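# An overview of the molecular structure
Here are the chains, one letter per residue:
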Amino acid sequence: WPESWYSWRHQLSALQHQKRYVGCAPDMRGYGLTDAPKDVESYNIHTLCKDVIEIARALGYDKFIIVGHDFGSYLAWRIAAFYPRHVIGLCGMSVPYMGLQSPKKRGPIANLRCSYDNRKKFHYMLYHQLPMAAEEYRKNAHQTLYRLYGVLPNMDQQSIVEGTPEVTNPNMFPHNSSNANTHLDARQAPGVWKRLPQPKQLPTWVSQSDIQYLTLEYERRGFHGGLNWYRALDKNWQVTTLFEKQQDFVMIYPPCLFMGGEKDAVIKAHGGALLIQDRMKVLCKNLTKVVILKGAGHWIQMECASEVNQELFSFFDSLSLEDYEMGNFVPQSKL
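In short, a report on the structure. Quick caveat: nothing in here was measured; it's all calculated off a predicted structure. (Residues numbered from 1 in each chain as written. Predicted model: local features only at pLDDT ≥ 70, side-chain atom pairs only at ≥ 80, totals over all residues. Heavy atoms only, no water.)

### Regarding the overall build of the protein
Helix and strand content of the protein: 17 helices and four strands. The C-alpha radius of gyration of the protein comes to 20 Å, within 12% of the 20 Å expected for a compact globule of 335 residues. Relative to its 335 residues, the protein shows a buried fraction of 54%. Of the contacts made within the protein by residues no fewer than 6 positions apart, 78% connect residues no fewer than 24 positions apart. Approximately 16100 Å² of the protein is accessible, and the part contributed by carbon and sulfur atoms is 52%. Charge separation in the protein, taken as the distance between the mean sites of 37 positive and 32 negative side-chain charges, equals 5 Å. (Helix = DSSP H or I, 4+ residues; strand = E, 2+ residues; numbered from the N terminus. Rg over C-alpha atoms; globule rule 2.2 N^0.38 Å. Buried < 20%, exposed > 50% of the residue type's maximum accessible area, 1.4 Å probe, protein only. Contact = heavy atoms within 4.5 Å. Areas by Shrake-Rupley, 256 points an atom, 1.4 Å probe, with all protein chains shown as cover. Lys, Arg positive; Asp, Glu negative; His and termini not counted. Charge placed at Lys NZ, Arg CZ, Asp CG, Glu CD.)

Written as structure tokens, this is what we have:
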């Protein structure tokens, strides 16, 4: 979030030229031209996993290599954990596999509420939980997308439009002096379109036409589907506790590759590249490589398309369908 199939345009183009693999980059449930149910239950983790499996089946495949970025990476790891017989190999980007469970005995949104003083402090995932958040994002779609894609780590003041960010107060509701904020909604909470600076120009790897395409997609579809992935996080965390004591389903068995950007805040939030690598060596039985792209930020499949494609095709070529068919990697799923 906020992405679409369009984030993978460089990889789809490369696949077309390679002609060794069939590639599919769908708009996931809640995005683009795909159905976007309003109810949060429609975004439970098994439904999301089965969406991917059924897309592959519709294309004539029962097994596949899966590649995901950010929330797509989160989903890819869970498909490999819950439904490993379908997965020949996988590549996760930005979000590493650190186990199914939060290190604390509560879900990720519950953790954030504790860390951010029961939503008194702003965090984008907590903002996503607010009533009217989807409507506010839709009204501010262009600035949301422009700033999320345009802001680079350590930007200097000369690269930023004067007077931005418009809101520097860290509180979720900066104009509410009362501690009782439970009745407030997203209309009283400035979003990322006012909390991030506005770059004077976009990075070289994203154009005005790219932002315009994404803006039109989100203005047409709306944001509620993407936000429901976040609203379902704690419920999906509860679902995965069923597997907490079944070690086979906490481990990732199919061969996997992880890639992230050196300056990606998500990498830092997971403890940094060295901790990620050490943890994944334990949890991923067939981890082939951890690639941290020097100087790169969050959107690596666009920002570093050539390097990402090179690593992907090298990984794809290393996979053995014979090993998969012989069951050398994958335990029998109970799902």
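From this point on, the discussion continues.
### Some remarks on the nonpolar core
In terms of nonpolar packing, the biggest core is built from 80 residues, with L75, W77, L90, Y97 and Y127 touching the most fellow members. Counting 20 residues, the second largest nonpolar core, distinct from the first, contains L15, A25, I88 and V291. (Core = buried A, V, L, I, M, F, W, Y, C linked by side-chain atoms within 4.5 Å.)

### Brief notes about the packing of aromatic side chains
This model, assessed by the stated rule, comprises 24 aromatic pairs. Plain terms: the ring middles of F71 and Y230 are 4.9 Å apart, the flat faces sit at 75 degrees to each other, and that makes the pair edge-to-face. With F71 in helix α3 (residues 71-82) and Y230 in helix α10 (residues 224-231), the pair connects residues that are 159 residues apart, well separated along the chain. Like Y230, F71 is buried. (Phe/Tyr/Trp six-rings, centres within 6.5 Å; stacked < 30°, edge-to-face > 60°.)

### A short note on unusual backbone geometry
A cis geometry characterises the amide bond from W1 onward to P2, with omega recorded as -10 degrees. One can find P2 in the segment before α1 (9-18). For the peptide bond that leads from T164 to P165, omega is 0 degrees, which places it in the cis range. The topology assignment puts P165 in the loop between α7 (141-150) and α8 (192-195). Its identity as a non-glycine residue notwithstanding, D70 has a phi of 55 degrees, on the positive side. For D70, a relative accessible area of 10% translates into the label buried. The backbone of M132 shows a phi angle near 75 degrees, a positive value even though the residue is not glycine. Among the structural elements, M132 can be located in the loop between α5 (124-128) and α6 (133-139).

### Thoughts on the pattern of salt bridges
Where charged atoms from two side chains of opposite charge come close, those side chains can pair. Counting across every chain of the model gives 13 salt bridges. Measuring nitrogen to oxygen at the nearest pair gives 2.6 Å for the salt bridge that ties R187 to D185. Each of E54, R57, D62 and R85 takes part in one network of salt bridges that share partners. (Salt bridge = Lys/Arg side-chain N within 4 Å of Asp/Glu carboxyl O.)

### Remarks on a nonpolar patch on the surface
Among the surface-exposed residues, V22, L59 and Y61 lie close enough to one another that they form a single nonpolar patch of about 310 Å² accessible area. Along the chain, L59 falls in the loop between α2 (45-58) and β1 (64-69). (Patch = residues over 30% accessible without salt bridge, like charges linked within 9 Å, V, L, I, M, F, W, Y side chains within 5 Å.)

### Observations regarding the packing of α2 against α3
If you want to describe how two helices pack, look at the angle between their axes and the distance between the axes. Put simply, α2 and α3 touch, their axes get as near as 10 Å, and they point 90 degrees apart. By the angle between their axes, α2 is roughly perpendicular relative to α3. On α3, the residues that touch I45, H46, L48, C49 and V52 of α2 are Y74, L75, R78, I79 and F82. Looking at the contact of α2 with α3 residue by residue, the classes come out as eight nonpolar, one polar and one charged. (Axes fitted to C-alpha atoms, helices over the stretch in contact; angles between N-to-C directions. Parallel < 35°, antiparallel > 145°, perpendicular 65-115°, else oblique. Nonpolar A, V, L, I, M, F, W, Y, C, P; charged D, E, K, R; others polar.)

### Quick look at the side chain of R147
Tracing the backbone through its elements, the reader meets R147 in helix α7. Judged by relative accessible area, R147 falls into the buried class, the value being 2%. In this structure the side chain of R147 is engaged in a polar contact, spanning 2.8 Å, whose partner is the backbone oxygen of W193. Contacts of R147, omitting those with residues within four sequence positions, involve T164, P165, E166, V192, W193, K194, L196, P197 and Q198. (Polar contact = N/O pair within 3.5 Å; in protein donor to acceptor, adjacent residues only side chain to side chain.)

### Structural notes on the environment of K294
Its place among the elements puts K294 in the loop between β4 (287-293) and α15 (300-303). Taking the C-alpha atoms as reference, K294 lies 6.6 Å from G261; in sequence the two are 33 residues apart.

### Re the packing of α7 against helix α9 (residues 208-221)
Across the interface, α7 lies against α9 with an axial gap of 9 Å and an inter-helix angle of 135 degrees. By the angle between their directions, the pair α7 and α9 is classed as oblique. Remark: the crossing between α7 and α9 carries right-handed chirality. Residue-level contacts link A141, H142, L145, Y146 and Y149 of α7 to Q208, I211, Q212, L214, T215, Y218 and E219 of α9. (Left-handed = near helix turned anticlockwise from the far one by under 90°.)

### Quick word on helix α16 (residues 305-318)
Its 14 residues give α16 an end-to-end C-alpha distance of 20 Å, which sits within 8% of 20 Å, the value for a rise of 1.5 Å per residue. Its buried side turned inward, α16 meets α1, β1, β2 (87-93), β3 (256-261), β4 and α15. (Expected span 1.5 Å × (residues − 1).)

### Quick look at α1
Of the residues making up α1, those classed as buried are R9, Q11, A14 and L15. Against the buried residues of α1 lie α9, α15 and α16. Positioned one or two residues after α1, K19 has a phi angle of 60 degrees, which is positive.

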